[in-house]
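The lines below spell out each chain.
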Amino acid sequence: MELILKYFPNLTQDQIEKFTKLEALYQDWNLKINVVSRKDIDELYLRHVLHSLAIAKVIDFKDDANIMDVGTGGGFPGIPLAILYPECNFHLVDSIAKKLKVVNEVVEGLGLENVKTTHCRVEEIKETYDFIISRAVAAMPTFVHWIKGRVSKHQDHDLKNGILYLKGGDLDEELQDYRTATIYNISDFYSEDFYETKKVVHLPIKYKG
């Protein structure tokens, strides 16, 4: 928890309580349904929670923003961001039911009222969103194809509506066809070695009605 406060010192008491409670909930549920590796569960704040919150170093979501987390897995990056932005609406989507069972239990355990979940493939979703977030679920061309038509026309943020993607390593080849993509090095925000090669990619997506 100290790690979160190191980079997000202005959390409310409610947010601190939720972030603190997060670890016990994941440890408990992970014993029943394995969604996080053993090594990662021991370093949950470093490898999952703070990593998810790197998106908040790139953008400050405005109240009422609609955000979809595609392939949320155990609830990352969606759940940590939902704690940080209680006035935003988060839709966590995954095609694997057992992962969403854990997500739903964590959401309920934390009392998060700004999160809904759907067990389906993202192509089945019909709504549109200001931003679509994810953590390395597919190569960018595949991901862009999946979320086609899901980005909202209405623009509220300085950062253009589109994808915010957590990814690691060399992205030059993967992003060569996306000239409008901006790559943010997470190591510019956090000093821990774990983040040395990790990035947040912002890819604006034009609305196509």
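Please read all numbers here as calculations on a predicted model, not as lab measurements.

The rules behind the values
Along each chain, the written sequence defines residue order, and numbers are assigned to residues from 1. Reporting in this predicted model follows two pLDDT cut-offs: at least 70 for local features of residues, and 80 or more for side-chain atom pairs to be given and counted; totals over whole chains, interfaces and linings ignore these cut-offs and use all residues. Here the side-chain values reflect all heavy atoms present in the structure, with hydrogen atoms and water set aside. Put simply, DSSP H or I for four residues or longer makes a helix, DSSP E for two residues or longer makes a strand, and each gets a number counted from the N terminus. Relative accessibility thresholds used throughout: buried, under 20% of the residue-type maximum; exposed, over 50%; partly exposed, between the two (1.4 Å probe, protein chains only). Note on contacts: a residue pair qualifies if any of its non-hydrogen atoms lie within 4.5 Å across the two residues. We treat two strands as partners when DSSP finds at least two bridges between them. Note on method: axes are straight lines fitted to C-alpha atoms, helices fitted across the in-contact stretch only, with angles between N-to-C directions ranging 0 to 180 degrees.

## Remarks on the environment of D40
Among the structural elements, D40 can be located in helix α3 (residues 38-42). A relative accessible area of 18% means that D40 is categorised as buried. The spacing of D40 and I55 is 15 residues in sequence and 20 Å in space, taken between C-alpha atoms. Non-local contacts of D40, meaning those with residues more than four positions away in its chain, are made with R47 and H48.

## Regarding the sheet that holds strand β4 (residues 131-135)
Either a parallel or an antiparallel arrangement is found when strands of a sheet pair, and the pairing is made through backbone hydrogen bonds. On the basis of which strands lie adjacent, the open sheet formed by seven strands has the order β3-β2-β1-β4-β5-β7-β6 and mixed pairing. Of all strands in the sheet, those bounded by a partner on one side alone are β3 (115-119) and β6 (182-185). Averaged over all pairs of adjacent strands, the angle between their axes in this sheet comes to 20°, without regard to strand direction. Relative to β4, strand β1 (residues 66-70) runs parallel, the two being bridged by three bridges.

So, to be careful, I would describe these as geometric facts and stop short of saying anything about function.
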